[in-house]
Amino acid sequence: YDVPPGCAGGLHAVVAAAETHPACITLSDMSIPGSPMVYVNHEFCRVTEYSRQAATGRNCRFLQGPSTEPQSVAVIQDTLRRGVDCYVKITNYRKDGTLFSNLLSMKPIFDSNSVYRFCVGVQFEITPEAAADLPRRVKLLEQLLRLLRRLVHILTVCMLSHVQVGHVCARS
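Parameters and conventions
- Residues numbered from 1 in each chain as written.
- Predicted model: local features only at pLDDT ≥ 70, side-chain atom pairs only at ≥ 80, totals over all residues.
- Heavy atoms only, no water.
- Helix = DSSP H or I, 4+ residues; strand = E, 2+ residues; numbered from the N terminus.
- Buried < 20%, exposed > 50% of the residue type's maximum accessible area, 1.4 Å probe, protein only.
- Contact = heavy atoms within 4.5 Å.
- Areas by Shrake-Rupley, 256 points an atom, 1.4 Å probe, with all protein chains shown as cover.
- Salt bridge = Lys/Arg side-chain N within 4 Å of Asp/Glu carboxyl O.
- Disulfide = S-S within 2.5 Å.
- Pairing = 2+ DSSP bridges.
- Axes fitted to C-alpha atoms, helices over the stretch in contact; angles between N-to-C directions.
- Polar contact = N/O pair within 3.5 Å; in protein donor to acceptor, adjacent residues only side chain to side chain.
- Core = buried A, V, L, I, M, F, W, Y, C linked by side-chain atoms within 4.5 Å.

J.: Lay out the overall build of the protein in plain terms, naming residues and giving numbers.
T.: From N to C terminus, the protein includes seven helices and five strands. Starting at the N terminus and ending at the C terminus, the protein contains elements arranged as α-β-β-α-α-α-β-β-β-α-α-α. Every one of the 172 residues in the protein was classed for burial, and the buried ones make up 48%. For the protein, the share of sequence-separated contacts (at least 6 apart) that also reach a separation of at least 24 residues comes to 44%. Just so you have it, the protein exposes about 8900 Å², and 58% of that area is on carbon and sulfur atoms.

Structure representation (structure tokens):
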């Protein structure tokens, strides 16, 4: 995947922050037909059992199956079409065919021409263990959403001004 000009610094900042976060994080390029994922983090690979190589270049629809909720899919499709934020529960399938449920949050990223360029997806797997650990996971989600808002801001500034993310951080 060739990173678009003016986006490299911001995209690398998103990837660096996402790589070690305990939530599944994806980045899809909305300018490519089918909106394929161009990045998935380690947690996404662990939860879905798909390698980065197997997941990137594909739309995340490949995780859906017969038990995936049609109403959740409709919310996601509407969100992607309109380029707005989304929060939804969805049932997906791992590589081995087993079901898993997750809370999905999606956030659009627009370029300097107000074109919908990327979509960041954040998923928290819903498990009995996770339910028992809900207060900590909610706190992590809140931290991640604050971080995501900051990263989206940095990425947007980078695309607007075509400067490297280090210069934006130095001014912020």
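Still to come is the rest of the account.
J.: So what's going on with the pattern of salt bridges? Which residues, and what values?
T.: As enumerated under the stated definition, the model contains six salt bridges in all. Linking Lys-107 and Asp-85 is a salt bridge whose minimum nitrogen-to-oxygen distance equals 3.4 Å. One end of the pair, Lys-107, is in strand 4 (residues 99-110); the other, Asp-85, is in the loop between helix 4 (70-82) and strand 3 (86-93), and 22 residues separate them in sequence. The residue Arg-94 makes a salt bridge to Glu-125 at a minimum N-O spacing of 2.3 Å.

J.: Which residues make up the state of the cysteines, and what values do they have?
T.: A full pass over the atoms with the stated rule returns zero disulfides. The thiol of Cys-60 is unpaired, and the distance to the nearest cysteine sulfur, on Cys-119, comes to 8.1 Å. The exposure class assigned to Cys-60 is partly exposed, which follows from its relative accessible area of 34%. Here Cys-86 stays free of any disulfide, with the sulfur of Cys-119 as its closest cysteine sulfur at 8.3 Å.

J.: Break down the sheet that holds strand 2 (residues 37-40) for me, citing the residues and quoting the values.
T.: The strand order across the open sheet built from five strands is 2-1-5-4-3, with neighbouring strands paired in antiparallel fashion. Each end of this open sheet is capped by a strand with a single partner; those strands are strand 2 and strand 3. Averaged over all adjacent pairs, the angle separating strand axes in this sheet is 25°, with direction ignored. Bridging between strand 1 (residues 24-29) and strand 2 involves three bridges; their strand directions are antiparallel. If you follow Thr-26 over to strand 2, its bridge partner there is Val-40. Here helix 4 sits on the sheet in contact with strand 3, strand 4 and strand 5 (116-126), set at roughly 130° to strand 3.

J.: Give me the environment of Gly-121: which residues, what numbers.
T.: With respect to the secondary-structure elements, Gly-121 resides in strand 5. Between the alpha carbons of Gly-121 and Ser-105 there is a distance of 5.7 Å; along the sequence they are 16 residues apart. Beyond its immediate sequence surroundings of up to four residues, Gly-121 is in contact with Cys-24, Ile-25, Thr-26, Leu-104, Ser-105 and Met-106.

J.: Residues and numbers for the environment of Asp-78, please.
T.: Within the secondary structure, Asp-78 sits in helix 4. Separated by 2.9 Å, the side chains of Asp-78 and Arg-82 make a polar contact.

J.: Pulling in residues and values, what's your account of the nonpolar core?
T.: If you look at the biggest cluster of nonpolar residues, it comprises 12 residues: Ala-18, Ala-23, Ile-25, Leu-27, Val-38, Tyr-39, Ile-109, Phe-118, Val-120, Val-122, Phe-124 and Leu-140. Val-40, Cys-45, Tyr-50 and Ala-55 belong to the second largest nonpolar core, which has 11 residues in total.

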